[in-house]
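One letter stands for each residue in the lines below.
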Amino acid sequence: MDWSYFWYKLYIPYVENPLLGYSLFFLLFISVVFWYYLYLVKTGRLSKIYIRRIPALNSIEEAVGRSTEMGRPILYVPGIQDIDNIQTLASLAILSHVAQRCAEYETDFIMPVSRSVVMTVAQEVVKESYLRAGRSDLYRSDMVFYLTDDQFGYAAGVDGIISREKPGAVFLIGAFYAESLILAETGFSAGAIQIAGTAMITQLPFFIAACDYVLIGEELFAASAYLSKDILDKITLRTQDVSKALVMISIATGAAINTIHMLYPNMVNIPILNVIYKIFSGMVIK
Amino acid sequence: MIVIEIFKRITRRTIFLVVAIFLILGTIFSDVYWVKKINLEVLRKTITPASKQAYDFIESIPSNSVVLVSGDYGPSTRVEADPILENFLKQCFRRDIKVIAISLWPDGAQIVATKTRQIANQYNKIENQDYVIGGYVVGGAVAIEKMGVDLKDAIPLIANNPAPFLRDIKTAHDLSLVFSIAAGDTLVYYIRILKSRYGVNVSGGCTAVMAAEMYPYILSGQLIGLFGGLKGAADYEILESNPEPDKVSEAVKYMLTQSLIHALLIIFIIIANIVYIYDRLKFRRK
Amino acid sequence: MKREIPLIITALTGIIIIINYFLPEVTGKVTQVVRNWVIVISSFAIILGILNLVIISLRKTLEPITHLDDRIANLILIVSLVFTIVIGMIYGVGPKNNYVFKLSSDYSTVLPLIDFQVATVDTNIFNSVIFYSIYNPLSAAMFSLLAFFIASASYRAFRARNLEATLLLLAAAVVILGRVPVGDYVFGFIGLKISVVSEYITAVINAAAQRAILIAVGIGTIIISLKLLFGIEKSHIGKSE
């Protein structure tokens, strides 16, 4: 095997597209931080991580409780994206918590799904949750069911279910598109407590206008760590904070060095500043 | 005070009814000559910079280059997306640019194929010579990944196509532009995968709801330009054909309907605030 | 062991795809296969979904305990599903262009001139009836509900409760008016180009906030993916704690 050619092939994507190098650096940075915290936990040096209160997650109990009092079911919508979307996965982590509460309170649970793979996984999650609550007798396989892959067909189907079943609480957690407001307004008119959560930036305003509690962006990803008692789950939040610090420092440095370059072009010739300038001007897309 | 009592009686149904009346009126009056004229005059002066950037880039592509157009929308968003696709095809065919037309949505394939053939007929372009139709491309983000490695593997319908311009096209890197008209997240996937990983030029259009989300990408240069919603479509039509008032298409015409509804929204917001402030003052006095 | 095997598969496939992103030469061939699997599996999964839909809808239609509305809705669902599949199988989805004579009239003269034009029309029943005449207007109707819901949601949400809410309200008003010609037309009388102000709000203030959320979401996504790869996140195999 011609090794020099092999190395050349490995190297060439980075010449063609320098941005790839930055991505690689960032991924490695996050991984190292993650491993570091994993190591701290495994060796017992880190045992407690503080997480600020997330009102939307605390309100799950309230929502399920209220539905039980009113004798109405709970409706859970995991977004319209497939299992390959991280938001759907984050939603499934919250689902297990909600389903467990439903099992404990003996409240009826409805979950229409728009992707068949998500349906299979969600059935498993709900079943497990009912088992954990010790109420596997209450679990029915038709609690989680498939409607359609079509965006507005799904919205129409869920709207129909909301207006017929009149759920006491509606959970809209996952990746949503234009159907977000259609679902949330129908839930509002049915008088349900609504808890929403999404990382789709353009849909957040709609949820904030029409729902009682909203998980905004990364809060959705923090949810599984927040709800879990396992410290391993919580180290992700620490990693997230350290990574964000790196991003903040990069933005500040990049802005500063480019401003210096604009105002005093000669100052960039100073060796240290020159290196920093080269790193950060490489990020500018030509 | 009677007025405020009337305002207080406004319910969801009242709002729906008024919106419906205005929508119908707007659609009827959008065909009146002087309305179209005023619409056009104002629109000509207020072309969105993002639309101009997208248009100028396509103008700068040399003729006989190959572009990929991906119409990733269903029938629900046709009003916004169809005019963008039409004008893009017109601009390409006018400038003798070769087009590969696909859709990542199953229900978009039909629309894209019909529209492409229709516009091509107007410009006397021949299928499988000046343009090819790739139909529905299955896989979403995975298909986009595949395009970066092997375009013909990702779009099976063009794999054995005899079109001469396809001979030199191996990967997405050989394309001058990828233009995605998205009602969902495909435009973001094109940016994240084809632009960031493979350095392909990406531009596109999207529904008005999503336009705000795309701004960070436009400012960073990852997205060349954007036609956002019906306003973007109207901009494109004016840039491409600069029509006379009696020859404008739906995109410009329906700006009247949109204007009316937006004005109505402002009126409703003002009413809501009058009632709110009145109530608060009354409460304070007590 | 039942739990470990899926976790190992997740980790392996995930790592292969990540390596391919950064070093395409190393796992290029394997990734190609994995990508094809994704497409095949997700295409076949739809059969699973449809089976589930049919079984549950049939049960709801036949069970006497279900509410009458619900039974009718489920019956309609099954009938339309079968109808669409049958028509699609018989006629296919390819266009079937036929030349037809189309009546057209010319109003430019005093007496309208009526004549016939030859036009091509897609006469495939699946396309012309199911796709363009049923599916098309139904989807558009669902999407257009947004106009009504946005009106009622903004009526409720945009109240000048405090300073922040007032600022939000003003920014929203400027953007709402700036995106349409009427804003520029009305404010043009006092010499204000509201579309420029609106563009500034969208491109500077909005984009800054969007970026912050976007970056945080991006980092969150990477970290959840890492959790998946290391087998800490188990929600996708039905186990959470």
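Residues numbered from 1 in each chain as written. Chains lettered and ligands numbered in written order. Predicted model: local features only at pLDDT ≥ 70, side-chain atom pairs only at ≥ 80, totals over all residues. Heavy atoms only, no water.

With that out of the way, let us pick up the overall build of chain A. Scanning chain A for helices and strands turns up eleven helices and six strands. Taken over the C-alpha trace, chain A has a radius of gyration of 24 Å; the compact-globule value for 286 residues is 19 Å, which it surpasses by more than 25%. With the principal axes as the frame, chain A shows a C-alpha extent of 75 × 45 × 45 Å. Expressed as a percentage of its 286 residues, the buried residues of chain A come to 57%. In chain A, 70% of the contacts between residues at least 6 apart in sequence involve partners at least 24 apart. Between the centroid of the 22 positive side chains of chain A and the centroid of its 26 negative side chains there is a distance of 8 Å. (Helix = DSSP H or I, 4+ residues; strand = E, 2+ residues; numbered from the N terminus. Rg over C-alpha atoms; globule rule 2.2 N^0.38 Å. Buried < 20%, exposed > 50% of the residue type's maximum accessible area, 1.4 Å probe, protein only. Contact = heavy atoms within 4.5 Å. Lys, Arg positive; Asp, Glu negative; His and termini not counted. Charge placed at Lys NZ, Arg CZ, Asp CG, Glu CD.)

A few words on the environment of C:Pro24. Relative to the elements of secondary structure, C:Pro24 occurs in helix α2 (residues 24–62). According to the relative accessible area criterion, C:Pro24 is partly exposed, its value standing at 25%. Here the alpha-carbon distance between C:Pro24 and C:Val186, two residues 162 residues apart in the chain, equals 56 Å. For C:Pro24, the contacting residues outside a window of four places in its chain are A:Pro13, B:Arg197 and C:Ile19.

Once that is clear, we can look at the domain arrangement of chain A. Interfaces are often sized by the accessible area lost when the parts come together. Residue and element names in this part refer to chain A. In terms of domain boundaries, chain A breaks down into domain 1 (19–48 + 231–281) and domain 2 (55–227). The gap between the C-alpha centroids of domain 1 and domain 2 is 36 Å. The interface is formed by six residues belonging to domain 1 together with four residues belonging to domain 2. Summing the contributions of domain 1 and of domain 2, the shared interface buries around 410 Å²; its carbon and sulfur component is 48%. Of all residues in domain 1, Asp233, Leu237 and Gln240 bury the most surface against domain 2, accounting for 66% of the area lost on that side. The interface formed by domain 1 and domain 2 holds one salt bridge in total. Glu218 is paired through a salt bridge with Lys244; the nearest N and O atoms lie 2.7 Å apart. Looking at the side of domain 1 that touches domain 2 residue by residue, the classes come out as one nonpolar, two polar and three charged. (Domains from an automatic or database assignment. Buried area = accessible area lost by both parts, 1.4 Å probe. Salt bridge = Lys/Arg side-chain N within 4 Å of Asp/Glu carboxyl O. Nonpolar A, V, L, I, M, F, W, Y, C, P; charged D, E, K, R; others polar.)

The interface is formed by 59 residues belonging to chain C together with 71 residues belonging to chain A. The contact between chain C and chain A buries some 5,600 Å² in all, and 72% of this surface belongs to carbon and sulfur atoms. Connecting chain C to chain A are four salt bridges. For C:Asp70, the salt bridge goes to A:Arg164, with nearest N and O atoms at 2.8 Å. For the pair chain C and chain A, the interface holds ten residue pairs in polar contact (both at pLDDT 80 or more). Elements represented by at least two residues in the side of chain C that touches chain A include exactly α1 (4–22), α2, α3 (68–91), α4 (125–157) and α7 (194–229) of chain C. The greatest single-element share of the side of chain C that touches chain A, amounting to 16 residues, is contributed by α7(C). Its residues assigned to classes, the side of chain C that touches chain A comprises 36 nonpolar, twelve polar and eleven charged. (Polar contact = N/O pair within 3.5 Å; in protein donor to acceptor, adjacent residues only side chain to side chain.)

Facing the 16 residues of chain A at the interface are 18 residues of chain B. Approximately 1,400 Å² of surface area, both sides summed, lies buried where chain A meets chain B, with 54% of it carried by carbon and sulfur atoms. On the surface where chain A and chain B come into contact, there are one salt bridge. At the boundary of chain A and chain B, one finds three residue pairs in polar contact (both at pLDDT 80 or more). At the level of elements, α6 (151–165) and α7 (179–189) of chain A are the ones that each hand at least two residues to the side of chain A that touches chain B. Among the residues forming the side of chain A that touches chain B, the class breakdown is seven nonpolar, seven polar and two charged.

Taken as a whole and judged by the stated rule, the model has three cavities of 30 Å³ or more. Computed from the structure, the second largest cavity encloses a volume of approximately 60 Å³. Residue lining of the second largest cavity: A:Gln151, A:Phe152, A:Tyr177, A:Ala178, A:Gln203, B:Thr77, B:Ala183, B:Thr207, B:Val209, B:Met210 and C:Phe143, and that is the complete set. Elements with a contribution of two residues or more to the lining of the second largest cavity: α6 of chain A together with α10 (208–220) of chain B. Looking at the lining of the second largest cavity, its residues break down into seven nonpolar, four polar and no charged. (1 Å grid on protein atoms, 1.4 Å probe; cavity = no way out; pocket = protein on both sides within 12 Å on 5 of 7 lines; lining within 4 Å. Points joined across faces, edges and corners; volume = space filled by probe spheres on them.)

This part takes up the packing of aromatic side chains. Overall, the coordinates contain 25 aromatic pairs over all chains when judged by the stated rule. Aromatic pair B:Phe16 and C:Phe148: ring centres 6.1 Å apart, planes at 90 degrees, arrangement edge-to-face. Of this pair, B:Phe16 sits in helix α2 (residues 12–29) while C:Phe148 sits in helix α4, which puts the two residues in different chains. Here the aromatic residues B:Tyr55, B:Phe88, B:Phe179, B:Phe227 and B:Tyr236 are joined through ring pairs into a cluster of three or more. A cation over a ring is seen here: B:Arg197 above C:Tyr21, with NZ or CZ 5.6 Å from the ring centre. (Phe/Tyr/Trp six-rings, centres within 6.5 Å; stacked < 30°, edge-to-face > 60°. Lys NZ or Arg CZ within 6 Å of the ring centre and 35° of its normal.)

With that settled, consider the sheet that holds strand β2 (residues 98–103) of chain B. Residue and element names in this part refer to chain B. Pairing is parallel across the open sheet formed by six strands, whose spatial order is β3-β2-β1-β4-β5-β6. Strands at the two margins of the open sheet, each flanked by one partner only, are β3 (131–136) and β6 (226–228). Adjacent strand axes in the sheet meet at a mean angle of 15 degrees, parallel and antiparallel pairs treated alike. Bridge analysis of strand β4 (residues 177–182) against strand β5 (residues 202–206) gives five bridges, and the strand direction is parallel. Counted as the bridge partner of Ser180 is Gly204 from β5. In the packing of helix α4 (residues 49–60) onto the sheet, contacts are made with β4, β5 and β6, and the angle to β6 comes to roughly 135 degrees. Lying on the sheet, helix α11 (residues 229–241) is in contact with β4, β5 and β6; it crosses β6 at an angle near 120 degrees. (Pairing = 2+ DSSP bridges. Axes fitted to C-alpha atoms, helices over the stretch in contact; angles between N-to-C directions.)

Further remarks concern the pairing of strand β6 (residues 213–216) of chain A. Sheet topology note: the strand β5 (residues 193–198) of chain A/β6(A) ladder contains four bridges and is parallel. Residue pairing across strands places A:Gly197 opposite A:Leu215, the latter belonging to β6(A).

Glancing now at the sheet that holds β6(A). Residues and elements named next belong to chain A. Strand order across the open sheet formed by six strands is β3-β2-β1-β4-β5-β6, with parallel pairing between neighbours. For this open sheet the edge positions go to β3 (144–146) and β6, each flanked by a neighbour on one side alone. With direction set aside, neighbouring strand axes in the sheet form an average angle of 15 degrees. Of the strand pairs in this sheet, strand β4 (residues 169–175) and β5 are connected by five bridges, and their pairing is parallel. Across the sheet, Val170 pairs through a bridge with Gln194, a residue of β5.

So, on to the pattern of salt bridges. Residues and elements named next belong to chain A. Overall, the coordinates contain 28 salt bridges over all chains when judged by the stated rule. Two residues, Asp149 and Arg115, come together in a salt bridge whose shortest N-O distance is 3.6 Å. Of this pair, Asp149 sits in the loop between β3 and α6 while Arg115 sits in the loop between β2 (109–113) and α5 (116–132), and the two are 34 residues apart along the sequence. Classification of Asp149 by relative accessible area gives partly exposed; the value is 28%. Arg135 is the salt-bridge partner of Asp137, the closest N and O atoms lying 3.3 Å from each other. Residue classification places Asp137 among the exposed positions, given a relative accessible area of 57%.

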